[in-house]
Amino acid sequence: MNILKFGGTSVGTAESLGHVKEIVSSRKESVVVVVSALSGITDALIKTSRLAEKGNDEWKDSYYAICTRHRTLLKDLSLDEDPTLSAAVDTLLARLLSLLEGVTALGVLPDKTSDEIVSFGERLSSLIVASLLDDSRYYDALSFIRTTKVGGRSVLNSELTDELVRNTFAGLEERREVAVVPGFIGRDSATSDITNLGRGGSDYTASIIAAALNAAELEIWTDVDGFMTADPRIINTSYVINELSFVEAMELCNFGAKVIYPPALYPVCPKDIPVRIKNTFNPAAPGTVIRQKCSTAGRSVKGISSIGDSCILTVSGASMAGIVGVDSRIFTALAKEDISVFLVSQSSSETHISLGVREADAEKASELLDGEFSREISEGSMAPVQVFRGLATVAIVGEGMKNNAGIAGKLFSVLGRNGISIIACAQGTEECNISFVVHKDYLRKSLNVIHDSFFLSEYQELNLFICGVGTVGSSLIEQIAGQHDKLMKENNLKINVVGIARSTAGVFDRKGIDLSCWRESLASGKSLDLAALRDEVIGMNIFNSVFVDCTASADVAGLYGDFFTHGISVVAANKIAASSDYSNYSKLKSLARSKGVKFLFETNVGAGLPIINTINALRNSGDRILKIEAVLSGTLNFIFNTISADIPFSRTVRMAKEQGFSEPDPRIDLSGKDVIRKLVILSREAGNKVDQKDVEANLFIPADFFDCSEEEFWEKLPSLDADFEQRRRRLEAEHKHWRFVAKMENGRYSVSLQEFDGNHSFYVLEGSNNIILLTTERYRRHPMLIQGYGAGAEVTAAGVFADIMSIANV
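Let me sum up the structure you'll find in this document. (Residues numbered from 1 in each chain as written. Predicted model: local features only at pLDDT ≥ 70, side-chain atom pairs only at ≥ 80, totals over all residues. Heavy atoms only, no water.)

## So, the nonpolar core
Judged by nonpolar contacts, the single largest core of 103 residues is most densely connected at Ile 396, Ile 450, Phe 547, Tyr 560 and Phe 649. The greatest single-element share of this core, amounting to six residues, is contributed by helix α26 (residues 673-685). With residues near it in sequence (within four places) discarded, Ile 396 still touches Val 301, Gly 303, Ile 304, Met 401, Ile 407, Leu 411, Cys 432, Asn 433, Ile 434, Ile 450 and Phe 454. Counting 59 residues, the second largest nonpolar core, distinct from the first, contains Ala 264, Val 275, Leu 391 and Val 437. (Core = buried A, V, L, I, M, F, W, Y, C linked by side-chain atoms within 4.5 Å. Buried < 20%, exposed > 50% of the residue type's maximum accessible area, 1.4 Å probe, protein only. Helix = DSSP H or I, 4+ residues; strand = E, 2+ residues; numbered from the N terminus. Contact = heavy atoms within 4.5 Å.)

## Examining the environment of Arg 291
Inspection of the secondary structure puts Arg 291 in strand β12 (residues 288-291). Of the residues examined, Arg 291 reaches a relative accessible area of 27% and is grouped as partly exposed. When residues no more than four places from it in sequence are discounted, the contact partners of Arg 291 are Glu 243, Leu 244, Ser 245, Phe 246 and Asp 272.

## A closer look at empty space enclosed by the protein
The final tally for this structure, using the stated rule, is one cavity of 30 Å³ or more. By volume, the largest cavity is sized at about 30 Å³. Of the residues contributing to the lining of the largest cavity, the split by class is four nonpolar, three polar and one charged. (1 Å grid on protein atoms, 1.4 Å probe; cavity = no way out; pocket = protein on both sides within 12 Å on 5 of 7 lines; lining within 4 Å. Points joined across faces, edges and corners; volume = space filled by probe spheres on them. Nonpolar A, V, L, I, M, F, W, Y, C, P; charged D, E, K, R; others polar.)

## Section: the sheet that holds strand β14 (residues 343-346)
The sheet built from six strands is open, its strands ordered β14-β15-β13-β16-β18-β17 with antiparallel pairing. The strands lining the two open edges of the sheet, one partner per strand, are β14 and β17 (424-427). Averaged over all neighbouring strand pairs, the angle between strand axes comes to 30°, with direction disregarded. Sheet analysis places strand β16 (residues 386-397) next to strand β18 (residues 433-439), joined by seven bridges and oriented antiparallel. Opposite Thr 393, over in β18, you have Val 437 as the bridge partner. Sitting on the sheet, helix α9 (residues 246-254) is in contact with β13 (303-316), β16 and β18, with an inclination near 65° to β13. Contacts between helix α12 (residues 359-372) and the sheet are confined to β13, β15 (352-358) and β16, with β13 contributing the most and set at about 20° to the helix. (Pairing = 2+ DSSP bridges. Axes fitted to C-alpha atoms, helices over the stretch in contact; angles between N-to-C directions.)

## With respect to the side chain of Ser 119
With respect to the helices and strands, the residue Ser 119 is situated in helix α5 (residues 111-132). At 3.1 Å, the side chain of Ser 119 and the side chain of Arg 123 are in polar contact. Ser 119 has contacts with Ile 185 and Ile 194, leaving out every residue within four places of it along the chain. (Polar contact = N/O pair within 3.5 Å; in protein donor to acceptor, adjacent residues only side chain to side chain.)

## Some thoughts on the side chain of Ser 446
Checked against the element boundaries, Ser 446 lands in helix α15 (residues 443-453). You can call Ser 446 buried: its relative accessible area is 0%. If we skip the residues at most four places from it in the chain, Ser 446 touches Leu 415, Ile 420 and Val 438.

## With respect to the packing of helix α2 (residues 41-53) against α5
The N-to-C vectors of α2 and α5 enclose an angle of 155°; their axes lie 9 Å apart at closest approach. Of the possible angle classes, the one that applies to α2 and α5 is roughly antiparallel. For the element pair α2 and α5, the recorded crossing hand is right-handed. Contacts from Ile 41, Thr 42, Leu 45, Ile 46 and Ser 49 in α2 reach Ile 117, Val 118, Phe 120, Gly 121 and Glu 122 in α5. (Parallel < 35°, antiparallel > 145°, perpendicular 65-115°, else oblique. Left-handed = near helix turned anticlockwise from the far one by under 90°.)

## Some points on the sheet that holds strand β7 (residues 185-188)
Pairing is mixed across the open sheet formed by four strands, whose spatial order is β5-β4-β7-β8. Of all the strands in the sheet, just β5 (153-156) and β8 (194-196) have a single pairing partner and so form its edges. Going from strand to strand, the sheet's axes swing by 55° on average, the running direction of each strand aside. Pairing analysis gives four bridges linking strand β4 (residues 146-150) to β5, with the strands arranged antiparallel. Residue pairing in the sheet places Val 150 in a bridge with Arg 153 of β5.

## Focus on the layout of surface pockets
Its volume calculated, the second largest pocket comes out at about 810 Å³. Around the second largest pocket sit 37 residues that line it, and Thr 471, Val 472, Ser 662, Glu 663 and Pro 664 are the ones nearest its centre. Listed by contribution, the elements that provide at least two residues to the lining of the second largest pocket are α16 (471-491), α23 (634-642), α25 (667-670), α26 and α29 (793-807). With three residues, the single largest contributor to the lining of the second largest pocket is α26. For the lining of the second largest pocket, the residue count by class is twelve nonpolar, 17 polar and eight charged.

## Overview of the packing of aromatic side chains
The relative placement of two aromatic rings is captured by the distance of their centres and the angle of their planes. The full count for this structure, using the stated rule, is 20 aromatic pairs. Ring geometry for Phe 547 versus Phe 563: centroids 4.6 Å apart, planes at 40°, classification tilted. Separated by 16 residues along the polypeptide, Phe 547 in strand β23 (residues 545-549) and Phe 563 in helix α20 (residues 560-565) bring together distant segments of the chain. As far as the burial class goes, Phe 547 and Phe 563 line up, both buried. With a centroid separation of 5.8 Å and an interplanar angle of 75°, the aromatic rings of Phe 724 and Trp 738 are classed as edge-to-face. On the criterion of sequence distance, the pair formed by Phe 724 in helix α28 (residues 721-734) and Trp 738 in strand β28 (residues 736-745) is long-range, its members being 14 residues apart. For the pair formed by Phe 724 and Trp 738, the shared burial category is buried. Put simply, the rings of Phe 640, Phe 649, Phe 700, Phe 724, Trp 738 and Phe 740 touch in pairs and so form one group of aromatic residues. For Arg 654, the ring lying beneath its charged end belongs to Trp 714, and the centroid distance is 4.1 Å. Geometry around Phe 705 places Lys 716 over its ring, the cationic atom sitting 4.8 Å from the centre. (Phe/Tyr/Trp six-rings, centres within 6.5 Å; stacked < 30°, edge-to-face > 60°. Lys NZ or Arg CZ within 6 Å of the ring centre and 35° of its normal.)

Note that all results are geometric; they support no functional claim without further evidence.
Now the structure itself:
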């Protein structure tokens, strides 16, 4: 026999009760159906009684609204013509009115009266359900649920209740009937006064009956498909957990997962009666089953739960160390006032202890503890209680964490990499729950990053902010859009572009921007300056976030430090930061490392060629870079490979700009400044402390070409054609080629235009290709050679994409 409990939303409307009837009618065997009050009615009863206590006449409107709600439901169910049911409902509503009038007259609301008033929700709903269901019989829980007073609270009298339940339902299975029972309510064993089992008590009632009758299964029918891996309102990738142990379910419930009332698990757990969570509105869904033991294979973390309105109270003082009884005094003082502590964290020095309580209890708890330790505080041996507000508590739960080394390390590491600071933490020896406290503003981010990192999500997510939508930026967006579905299918990686910005405008959406119409979205985006860009990126506070800089802006590069501080990785096609003053470069690298985020700039040199990664791999494996010789300017290579008798020097420069090989102002390339930056970056990655001023620059164009306006530059440029043509003819006759070479050797750095014959590796270099020779201690006789496309929007965008993928570890 199964026990079925239906919650408030399941019995709240005629439509939902239609689902209940279908579910119960499908059962071929006897069942016990336990019902809650109609959704919202318990709160309405509490509100009405308090208004009556204050003498506020609004209680009458509230009372009549309760009456109307139930009578309308009878009419919607076509039960209003049932004289027996109507009379029973009217009798209960009349009794409720009499109690409220008495409260108003006396101006007080005794606990006994309050308990009876809130009982009417279940008493009314169960009468209606019993009349609706076929082959049903009403069993009044007031006749067999017994409570007793302990410390001023009503608690279950288990022994007596079990005996009464067994007697009440004896022979039920043979009678093949539907037994309908109101949940939540009971009577005091000594006084027979109406009492209740507390919030969520209908779950408890069903569990008590299931345990007493040794039921095959307890079914909790609600409005969700089961326990979710995380709150679906925050984590849109959360999903139903198929199976939980009782321990796991209790931990999740105690930390905010309001799927089942935690005490409801206590009666059935010792008897290993499975509990199945089902959705009244989606009965075909398998739901979540809770049992004594379930498989721990697979994921070590089953779910994440949280308490959003947390406060930390810290009791501290040197006199606490080694003194027996301090903890006892703390918890006794709080228990007397019914204040629950859900987290305890104490230093090994015993000089302070931190307690997690609900926001609503914080002020009262602080006053109680200050009073308890008033003598010590006045003597100066203890400090007044510190209260930290605006916090949230998160718990990761799973019995698979037990004896599984590295879970806590991974948890705190991934939080740190995302810029989330832990205020307090706790873990018991059961190793089923690791709880920690963060600032409330970081709750969403914490939940997302944990859900993603522990593979509770179907996909790993990476959230990108792309700044700069020129040729590289726009090409990157197109590449991401083209690979999006493939990455999800083959790599379980979901890349969300949550921000796109240019110099004056931006569009931001934490759910992800539709890349099929990103240009239109950006065109209608919000106005943006540098400060607003920073605030948007940091303010979104989204997990696994990466800022992608496809600009050439020094101002944008100046934001990297702020991003690192807030746990945001940076992928930069922009060379300015990595080639800036060595002190700034070093500071950024150190900051990124200390915050556990990535600072990647592979495309700063060689576009998509794996140059920086190769240098880092060599050094990390113990090799030492002795010499770098490189042709690093795709622009200059294009120019010197294109120049001919038919195409003069000035024309090749213009072609380089038109085809996207050069910087917007090609003088940056012609001056060697771009190559100097690249040489500085490579030399630094090779382990050298070097600045741009340390590089000897041998220019091949007169200096005055760089001191004029860009317009004047283009006007003057053809004047160089004749000289270049004369020199080109000589090279052609000698079978040589020009190459603009960057060199690092023996602490010296230089860039210069050089000539190479066919015996040198630099001779055969087509189009805009780059080539790099690395001489190392291991590659001394035969230097390592890296060669390929070194310029162009598509290959640069592809290199940026590769850096992004490396952050995702794909």
